[in-house]
Amino acid sequence: MRIRITESIDIDLNSEMWCCNRCGIELIDARMNYKEGCLIHARDPKEIFRPLVEGETYTFAPDSDWARLVEFYCPGCGVMFENEMLPPGHPITHDIEIDLDKLKRKHQSNPSTKEGVG
């Protein structure tokens, strides 16, 4: 049974894996950070945020010495799951932590629960 967690990510309760709900590929163990199972692309924020004032010291664009844009993609179909702005060298964030045992008990005790958020 798969449970919808985000727009593009499910948890398969049988295999205990994070899964892409677009292509079905299993990413990584559901007790781990799903981002570790993704394709990761760190970008210079100036690629995305163009300077508002050209040739000036302060352009209102993020400084690449202080920030990087990190994108997380499905290795199967390429859908972007998430992106975050982090200081260089900062570890990726762990933004979703599920009590997998409790979720499994909930859905095992209620067999009429349909797939999806419940």
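Note that this is a predicted model, so its numbers are computed, not measured.

About the cut-offs
- Residues numbered from 1 in each chain as written.
- Predicted model: local features only at pLDDT ≥ 70, side-chain atom pairs only at ≥ 80, totals over all residues.
- Heavy atoms only, no water.
- Helix = DSSP H or I, 4+ residues; strand = E, 2+ residues; numbered from the N terminus.
- Rg over C-alpha atoms; globule rule 2.2 N^0.38 Å.
- Buried < 20%, exposed > 50% of the residue type's maximum accessible area, 1.4 Å probe, protein only.
- Arc of directions from axis to C-beta.
- Contact = heavy atoms within 4.5 Å.
- Pairing = 2+ DSSP bridges.
- Axes fitted to C-alpha atoms, helices over the stretch in contact; angles between N-to-C directions.
- Core = buried A, V, L, I, M, F, W, Y, C linked by side-chain atoms within 4.5 Å.
- Phe/Tyr/Trp six-rings, centres within 6.5 Å; stacked < 30°, edge-to-face > 60°.
- Lys NZ or Arg CZ within 6 Å of the ring centre and 35° of its normal.

Trainee: So, the overall build of the protein: which residues are in play, and what are the values?
Mentor: Looking only at helices and strands, the protein features 1 helix and 7 strands. The linear arrangement of helices and strands in the protein, starting from the amino end, is β-β-β-β-β-β-β-α. Scaling as 2.2 N^0.38, a compact globule of 118 residues should have a C-alpha radius of gyration of about 13 Å, whereas the protein reaches 18 Å, well beyond that. Counting only C-alpha atoms and orienting by the principal axes, one finds that the protein spans roughly 65 × 25 × 20 Å.

Trainee: Please set out helix H1 (residues 100-109) residue by residue, giving values where relevant.
Mentor: An α-helix turns once every 3.6 residues. As a result, residues three or four positions apart point the same way. Among the residues of H1, Leu-100, Leu-103, Lys-104 and His-107 are the ones counted as buried. Down the axis of H1, the buried set is contained in an arc of 100 degrees. They therefore lie on one face. Exposed side chains of H1 directed beyond 90 degrees from the buried face belong to Lys-102, Arg-105 and Ser-109. At its buried positions, H1 is contacted by strand S1 (2-4) and strand S2 (9-12).

Trainee: Before we move on, can you summarise the pairing of strand S4 (residues 26-29) with the specific residues and values?
Mentor: The sheet contact formed by strand S3 (residues 17-20) and S4 spans 3 bridges and is antiparallel. Residue Trp-18 lies in a different strand from S4, and its bridge partner there is Ile-28.

Trainee: Tell me what's going on with the sheet that holds strand S6 (residues 68-73), and back it up with residues and numbers.
Mentor: On the basis of which strands lie adjacent, the open sheet formed by 3 strands has the order S5-S6-S7 and antiparallel pairing. In the strand order of this sheet, the two ends are held by strand S5 (39-43) and strand S7 (80-86), each with one partner. For this sheet, the mean angle separating the axes of adjacent strands, direction not counted, is 20 degrees.

Trainee: Describe the nonpolar core, with residues and values.
Mentor: Ile-11, Leu-13, Trp-18, Tyr-34 and Phe-81 are the most contacted members of the largest nonpolar core, which totals 20 residues. Once residues lying within four places of it in the same chain are set aside, the contact partners of Phe-81 are Ser-8, Ile-9, Cys-20, Leu-27, Tyr-34, Cys-38, Phe-72, Tyr-73 and Cys-74.

Trainee: Residues and numbers for the pairing of S2, please.
Mentor: Side-chain alternation along S2 places Ile-9 and Ile-11 on one buried face and Asp-10 and Asp-12 on a second face that is also buried. Pairing analysis gives 3 bridges linking S1 to S2, with the strands arranged antiparallel. Bridge pairing links Arg-4 to Asp-10 in S2. Hairpin connection, S1 to S2: the antiparallel pair is bridged by 4 residues. Here S2 pairs with S3 via 4 bridges, running antiparallel. The residue bridging Ile-11 from the neighbouring strand is Trp-18, located in S3. Following S2, the chain reverses through 4 residues before pairing antiparallel with S3; Glu-16 in that reversal takes a positive phi of roughly 55 degrees.

Trainee: Give a description of the sheet that holds S1 that names residues and reports values.
Mentor: With antiparallel pairing, 4 strands are arranged side by side in an open sheet as S1-S2-S3-S4. At either margin of the open sheet sits one strand with a lone partner, and together these are S1 and S4. Taken over all neighbouring pairs, the strand axes of this sheet differ in orientation by 30 degrees on average, direction set aside.

Trainee: Could you give an account of the packing of aromatic side chains, with specific residues and numbers?
Mentor: This model, assessed by the stated rule, comprises 1 aromatic pair. In this structure, Lys-35 packs its charged tip against the face of Phe-72, placed 5.0 Å from the ring centre.

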